[in-house]
Amino acid sequence: MMKRIIYILSLVFLALSVDAQQFPLQSQYHLNYSTINPAAVGESQNYIVKASLRQQWVGFSDNSIGTNILTLNKGFGNNGLGLNIFDDQTGGAFSKTGASLSFSHRVPFEGSELFLGISGGLAKVNFEMDQFDPAILSNDDIVPEATFGAIYKYQDYTIGVSVPGLLNANMEITESNSNVIYSHFYTMVSYKKQLNENWSVYPSILLKTARDYTQYDLNLNFKVKDKIWLGASYRQDFGPSLYVGLDLGKLISVYSYDVSTNEVSSYSNGSHEMTFIYEFVPGEKIDEIIEENKEDVEILDRDMDGVVDSIDICPDTYGNALANGCPDTDKDGIPDKFDVCPNLFGEKEAQGCPVLSTREREILENALVDLQFGFDKDEIEYSSYNTLTDLSILMLKNPNMNLIIEGHASEEGSEKYNLSLSARRAKSVQSFFIKRGIEKNRLTIDFYGEKSPINSNNTEEERALNRRVEFDIIFHDVDQKTVSSMIAEYDSLLTTVGTNLVQREADMYIQESKKQMTQTVNKEEIQEKIIENDIIEEEKVEPVIEKIENTESNNDDYQKIDDFDINSTYYILVTEVFSSERNAKKVVKKSNESLDYVFNNNKYYIFASRSNDRKDVELFRSTFEGKSWIKTIK
């Protein structure tokens, strides 16, 4: 009898798929959101593995009813990739298994960010029957699936929309054309709030719409001391759920129990779901140093990235020590959210964007000087072609470069005519570069007419100079207002970090002084005891003396000046950065390589090579194994 019921339910699924939830459904969707919204795969810069195991309506069937999902996600700067593998069983005749690949892209705004995502894959549907049914044409079919998603984040609010079933594929199992996997529409709104030092709350709501069918899912979760998850939810047509979980930093596990209140409740004992999350966070070497020093200084580091909260600009997000504890994709020391060019290694003075080399700046300036137009003309004079061609070659060799083209005119004629003339000149230059293989989207044009002269326009020679087009090379498309806002906010945070760093270093100095005083007292006590007993116990005294001698030796090595001028600008090949001199010394001492460190801008930079000539350091870097970057010390 039970098999007959399950068989009927399976047929209903095929015949009335328009009103059913045709995609795997989870209570803990907020913990594995990328399964229903591909835009979420790029939210973290680390590899994240998530496994969700759900047993639905335990006791309802002898066979398993449930959904198992495994995801692997990784962000790469503003992009993200993900893999989703799922197995959905009804406990009867119908089952669905498959996999999909996801891609997301992040679009940053001032104070907010937008993630867009798309996924595509294949699903195998299977319909197994114990008895022959003429309505069934085939026991299985493979159907394509695609999903679009978008997530918008503003402060502590998140809004997400996703549309699985974009292709409206038909399952060729029966003769009917109504076995369609229809498009669904999911809308999720969530919020997070830190209530006090120990408690934070995470409410969310999910609306799921499939043509004429709509279902809501309400969630309210609490996190206690950033370790324990507690919560509850209510899903329309299913009933309430209770949550409990543990957050160990890299590893998170959450269990939920669904209480069935619908028609199935008479036949089942509820539903169980487990979610496991593991984040592959780098930086084990820093973690070891922190563990060694935890008895000396109290370290508060919520995100466990090796940068204490007092000097961590992003205390709740695992980051890079060089970027003050924030994610830093290009490893240039500027946090991604304040980096105008987050995917290009750049300089601080350019807010994380590359700086043109002397040769590149020379090519740009030569093109500016040589570019000429005749009176009342928008054609480029032939004498300008050589330097413009050099600039074209530079652009072709550097696909990250974008060119701003600004057109100007002298004051002869009406203001309206001059504005039109400057526009035609700018477009003429743009056309020159497009014909030589530069994409149009890399060439931004603007025109000012006679409004921005570079001289008084009194003589024909001066007016000829005002008939010009100006260039500038940039590596981003962020407007200047947003850039200025990013710089102001970042500088403000750095000022706060600098103040906290001075206080922290003072505290660490006091702790270190106390420890050295204790070691000295212990040494004197041992020596007095030896004299009193007239016993020479070298094994007891030597370790203390050896430790002090090694410390002094390291200081002597650090003060030693090599054959370069330390008073002028020089370059170092950086391998690691610390805010504590004690930690820097330990890394240098334990390393098998020839390392040293230098104090600069309130940080201790460990380096493998240094020279007044950048080329020497670049040459050394080409043979150096391991992650490193070149820093200028002024």
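Residues numbered from 1 in each chain as written. Predicted model: local features only at pLDDT ≥ 70, side-chain atom pairs only at ≥ 80, totals over all residues. Heavy atoms only, no water.

Colleague: Is there a simple way to think about the overall build of the chain in this case?
Modeller: Assigned secondary structure in the chain consists of ten helices and 22 strands. Residues classed as buried in the chain amount to 44% of the 634 residues present. Within the chain, contacts between residues at least 6 apart in sequence are counted, and of these 56% link residues at least 24 apart. Approximately 34,000 Å² of the chain is accessible, and the part contributed by carbon and sulfur atoms is 54%. (Helix = DSSP H or I, 4+ residues; strand = E, 2+ residues; numbered from the N terminus. Buried < 20%, exposed > 50% of the residue type's maximum accessible area, 1.4 Å probe, protein only. Contact = heavy atoms within 4.5 Å. Areas by Shrake-Rupley, 256 points an atom, 1.4 Å probe, with all protein chains shown as cover.)

Colleague: How should I be thinking about the state of the cysteines in this particular structure?
Modeller: Put plainly, two cysteines are in a disulfide when a covalent bond ties their sulfur atoms together. All told, the structure shown has two disulfides when counted by the stated rule. Between cysteine 341 and cysteine 353 runs a disulfide, and the two sulfur atoms are separated by 1.9 Å. Handedness of the cysteine 341-cysteine 353 disulfide follows from its S-S torsion of about 85°: it is right-handed. Taken together, the positions of cysteine 341 in the loop between α2 (284–293) and α3 (358–370) and cysteine 353 in the loop between α2 and α3 put the pair twelve residues apart, joining distant regions of the chain. Each member of the pair, cysteine 341 together with cysteine 353, is buried. Shown here for the chain is a disulfide pattern of 1-2, 3-4, where each number marks a bonded cysteine counted in sequence order. (Disulfide = S-S within 2.5 Å.)

Colleague: Would you take a moment to explain the sheet that holds strand β21 (residues 603–611) for this structure?
Modeller: Remark on secondary structure: sheet strands pair via backbone hydrogen bonds, oriented parallel or antiparallel. A sheet is described by the order of its strands in space; here four strands give the open sequence β20-β21-β19-β22, paired in antiparallel fashion. The open sheet has two free edges, formed respectively by β20 (596–600) and β22 (629–633), since each of these has just one partner strand. Mean inter-strand twist for the sheet, computed between neighbouring axes without regard to direction, equals 55°. (Pairing = 2+ DSSP bridges. Axes fitted to C-alpha atoms, helices over the stretch in contact; angles between N-to-C directions.)

Colleague: What exactly am I supposed to notice about the confidence of the model for the chain here?
Modeller: Any region with low pLDDT has predicted coordinates that should not be read closely. Averaged over every residue, the pLDDT of the chain is 75; the share at 70 or more is 72%. Taken together, the stretch residues 293–299 has pLDDT below 50 and engages in 13 contacts with residues farther than four places along the chain or on a different chain. Scored below 50 in pLDDT, residues 530–562 shows 22 contacts in the model against residues more than four places distant or in partner chains. (pLDDT = per-residue confidence, 0-100.)

Colleague: I tried to follow the sheet that holds strand β16 (residues 402–407) on my own but got confused; where do I start?
Modeller: In spatial order, the strands read β17-β16-β18; together these three strands make up an open sheet with mixed pairing. Looking at the sheet topology across the chains shown, the edges are occupied by β17 (443–447) and β18 (469–474). On average, each strand axis in the sheet is tilted by 20° relative to the strand beside it, whichever way the strands run. The sheet contact formed by β16 and β18 spans six bridges and is antiparallel. Bridge assignment links glutamate 406 to a residue of β18, and that residue is glutamate 470. Each of β16 and β18 is contacted by α3, which is oriented at about 165° to β18, the strand it contacts most. Packed onto the sheet, helix α4 (residues 385–397) meets β16, β17 and β18 and runs at close to 20° relative to β18.

Colleague: Before we go on, may I ask you to explain the environment of valine 469 in this structure?
Modeller: Here valine 469 lies in strand β18. For the pair valine 469 and serine 422, spaced 47 residues apart in the sequence, the C-alpha separation amounts to 8.0 Å. If near-sequence neighbours (up to four positions away) are discounted, valine 469 is found in contact with Leu368, Leu371, Phe373, Ile405, Glu406, Gly407, Arg425, Ala426 and Val429.

Colleague: Got a minute to help me understand the pattern of salt bridges in this structure?
Modeller: Once the charged atoms of two side chains with opposite charge are near each other, the side chains can pair. Inspection of every chain in the model, using the stated rule, returns eleven salt bridges. Of the charged contacts, one joins arginine 614 and glutamate 618 as a salt bridge, the two residues approaching to 2.9 Å between their closest N and O atoms. You can see arginine 614 and its partner glutamate 618 sitting in helix α10 (residues 614–623), four residues apart, about one turn around the helix. A network of salt bridges, in which partner residues are shared, links Arg54, Asp258 and Glu273. (Salt bridge = Lys/Arg side-chain N within 4 Å of Asp/Glu carboxyl O.)

Colleague: Whenever I open this one, unusual backbone geometry confuses me. Can you help?
Modeller: Note: most residues except glycine have negative phi, and most peptide bonds are trans. One non-glycine residue, glutamine 155, adopts positive backbone phi at about 55°. With respect to the element layout, glutamine 155 can be found in the loop between β6 (140–154) and β7 (157–164). Of note, the phi angle at glutamine 351 is positive, near 50°, even though the residue is not glycine. In this structure, glutamine 351 sits in the loop between α2 and α3.

Colleague: Looking at this structure, I do not really get α3. What am I missing?
Modeller: Along an α-helix, a turn takes 3.6 residues, which lines up residues three or four apart on a common side. Compared with an ideal rise of 1.5 Å per residue, which puts 13 residues at 18 Å, α3 spans 18 Å between its outermost C-alpha atoms and is within 8% of the ideal. Taken together, the buried positions of α3 are Glu360, Ile363, Leu364 and Ala367. Buried residues of α3, viewed axially, fall in a sector of 95°; they line one side. Projecting away from the buried face of α3 at angles above 90 degrees are the exposed residues Thr358 and Val369. On its buried face, α3 is in contact with α4, β16 and β18. (Expected span 1.5 Å × (residues − 1). Arc of directions from axis to C-beta.)

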